[in-house]
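Listed here are the chains, written in short residue letters.
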Amino acid sequence: MNKKIWVKTGFFLLLAMFMLNPHSNVSRAQSDQYIGALNGRITDTNIVRNTRVTIQATLVNFGDLEMDVISFNAEFIHTGGNDRFNTTYTITYDVHHRTLEPGASLTGTLREEITSPEASYNVTIYFKALDVYHPHDTFGPSAIDYIAAENITVSVIDFGGPSNIIIGVGLAFAAIVGIVVIVIIYGWLKEKLAKRKY
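Since we're looking at a predicted model, the values are computed, not measured.

**Student:** What am I meant to see in the overall build of the protein here?
**Tutor:** In terms of regular secondary structure, the protein is built from two helices and ten strands. Within the protein, the fraction of its 198 residues that count as buried is 32%. Here the protein has roughly 12,200 Å² of accessible surface; of this, 60% comes from carbon and sulfur atoms.

Here it is as C-alpha cells:
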C-alpha cells in the first residue's frame, strides 16, 4: 500500500475513535487530505461565571510538510445574537514552539476563567494555523481556522447576576410577608385567649 492510502486509513481510524468515544463532546470535526482537527471538548456545559474550565482539541498533521500552529481558540457566540456578549478565549503558541512536524499531533489545552456574561452560548473550538498544503500567493501561506468542534451549547450562570438579585429580592419579600402573617395570627390568638379568661 502506498503512503497516501496509509495516511487516509490512519486518519479515518483516528477520527472514528474520537467520534465513537462517549466521553468526548465532538459536534463537528474538520479535516482535509492532510490536516485533521478533532476531539474538541469542554469539561462543563453549565458554567458558573468566573470559574475555570478546561477546553481541549487535537490537531493532526497527516502530510509530509511542517506547519506552524499560531493559536488555539474557543469562541463563545451568544445564542440570542447579542455581539457584545461574544468572547474568544485564546492561547498563542510561542514562535519557537509551534511547528507541527509531519505525522505529529498537537493537543491544545485552554484552562480558562470564563468571564462571559450570564447567557447561553454556542462554542466553537479551533486551531489557527498556516495552510501549507494548498496554493498560496507570493507572501507565503495564509493562516486559516481548523475547526475541532462547533455548536457546543453552553450556559453561563452568574450567582451575583441580575436574575439572582431579583430572586433574592423576591425571597426577602416573601420572608417579610411571612413574618407579618405570623405576627397577625399571634396577635389574634393572644386576644382570643385573653377574652376566654373572662
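Let's pick the thread back up.
**Student:** For this particular structure, what's the right way to read unusual backbone geometry?
**Tutor:** A positive phi angle, close to 70°, is found at Asn50, a residue other than glycine. Asn50 sits in the partly exposed class, given a relative accessible area of 43%. Unlike most non-glycine residues, Asn151 shows phi in positive territory, near 60°. In this fold, Asn151 is placed in strand β10 (residues 143–157). The exposure class of Asn151 is exposed, given its relative accessible area of 51%.

**Student:** What is the right way to read a nonpolar patch on the surface from this model?
**Tutor:** A cluster of nonpolar side chains, namely Phe173, Val177, Val181, Ile185, Trp188 and Leu189, defines an oily patch on the protein surface of about 590 Å² accessible area. Inspection of the secondary structure assignment puts Val177 in helix α2 (residues 162–197). According to the relative accessible area criterion, Val177 is partly exposed, its value standing at 38%.

**Student:** Looking at this structure, how should I read the packing of aromatic side chains?
**Tutor:** In total, this model carries four aromatic pairs according to the counting rule given. Their ring planes at 40° and their centres at 4.8 Å tell us that Phe72 and Phe127 sit as a pair that is tilted. Of this pair, Phe72 sits in strand β5 (residues 67–78) while Phe127 sits in strand β9 (residues 119–130), placing them 55 residues apart in sequence. Judged on exposure class, the residue Phe72 and its partner Phe127 are both buried. Members of the aromatic cluster, joined through ring pairs, are Phe76, Tyr89 and Tyr121.

**Student:** Is there a simple way to explain the side chain of Arg41 in this structure?
**Tutor:** By the element assignment, Arg41 lies in strand β2 (residues 35–42). Within the buried core, Arg41 has no salt-bridge partner, and the shortest N-O distance to an opposite charge, that of Asp44, equals 14 Å. Only 2.7 Å separates the side chain of Arg41 from the backbone oxygen of Asn39, close enough to count as a polar contact. Engagement of the side chain of Arg41 in a polar contact is seen with the side chain of Gln56, the distance being 2.8 Å.

**Student:** Whenever I open this one, the pairing of β9 confuses me. Can you help?
**Tutor:** Put simply, side chains in a regular strand alternate between the two faces of the sheet. In terms of burial, β9 is largely enclosed, as nine of its twelve residues are buried. Relative to β9, β5 is paired through nine bridges, and the arrangement is antiparallel. By the bridge assignment for β9, His78 is matched with Tyr121. By the bridge criterion, eleven bridges tie β9 to β10 in an arrangement that is antiparallel. Across the sheet, the residue bridging to Ala119 is Val156, located in β10.

**Student:** So what exactly am I meant to see when it comes to the nonpolar core here?
**Tutor:** When a protein is soluble and globular, its nonpolar side chains tend to lie buried together. In this structure, Ile42, Ile55, Leu59, Phe72, Phe76 and Val154 are the most contacted members of the largest nonpolar core, which totals 31 residues. Every element with two or more residues in this core is listed here: β2, β4 (52–61), β5, β9 and β10.

**Student:** Explain the environment of Thr54 to me, please; I cannot follow it from the model alone.
**Tutor:** Tracing the chain through its elements places Thr54 in strand β4. Assessed through its relative accessible area of 21%, Thr54 is described here as partly exposed.

**Student:** Looking at this model, I keep getting lost on the pairing of β10. Mind explaining?
**Tutor:** Bridge count between strand β3 (residues 46–48) and β10: three bridges; the pairing is parallel. Pairing of Ile47 across the sheet is with Val156, part of β10.

**Student:** Just checking my understanding: could you explain the pattern of salt bridges for this structure?
**Tutor:** Side chains carrying opposite charge are able to pair once their charged atoms draw close together. Summed over all chains, the structure comprises two salt bridges. Notably, a salt bridge pairs Arg49 with Asp158, separated by 3.4 Å at the nearest N-O pair. Of this pair, Arg49 sits in the loop between β3 and β4 while Asp158 sits in the loop between β10 and α2, placing them 109 residues apart in sequence. Among the salt bridges present, the one from Lys128 reaches Asp145, with a minimum N-O distance of 2.8 Å. One end of the pair, Lys128, is in strand β9; the other, Asp145, is in strand β10, and 17 residues separate them in sequence.

Rules of the game
Residues numbered from 1 in each chain as written. Predicted model: local features only at pLDDT ≥ 70, side-chain atom pairs only at ≥ 80, totals over all residues. Heavy atoms only, no water. Helix = DSSP H or I, 4+ residues; strand = E, 2+ residues; numbered from the N terminus. Buried < 20%, exposed > 50% of the residue type's maximum accessible area, 1.4 Å probe, protein only. Areas by Shrake-Rupley, 256 points an atom, 1.4 Å probe, with all protein chains shown as cover. Patch = residues over 30% accessible without salt bridge, like charges linked within 9 Å, V, L, I, M, F, W, Y side chains within 5 Å. Salt bridge = Lys/Arg side-chain N within 4 Å of Asp/Glu carboxyl O. Phe/Tyr/Trp six-rings, centres within 6.5 Å; stacked < 30°, edge-to-face > 60°. Lys, Arg positive; Asp, Glu negative; His and termini not counted. Polar contact = N/O pair within 3.5 Å; in protein donor to acceptor, adjacent residues only side chain to side chain. Pairing = 2+ DSSP bridges. Core = buried A, V, L, I, M, F, W, Y, C linked by side-chain atoms within 4.5 Å.

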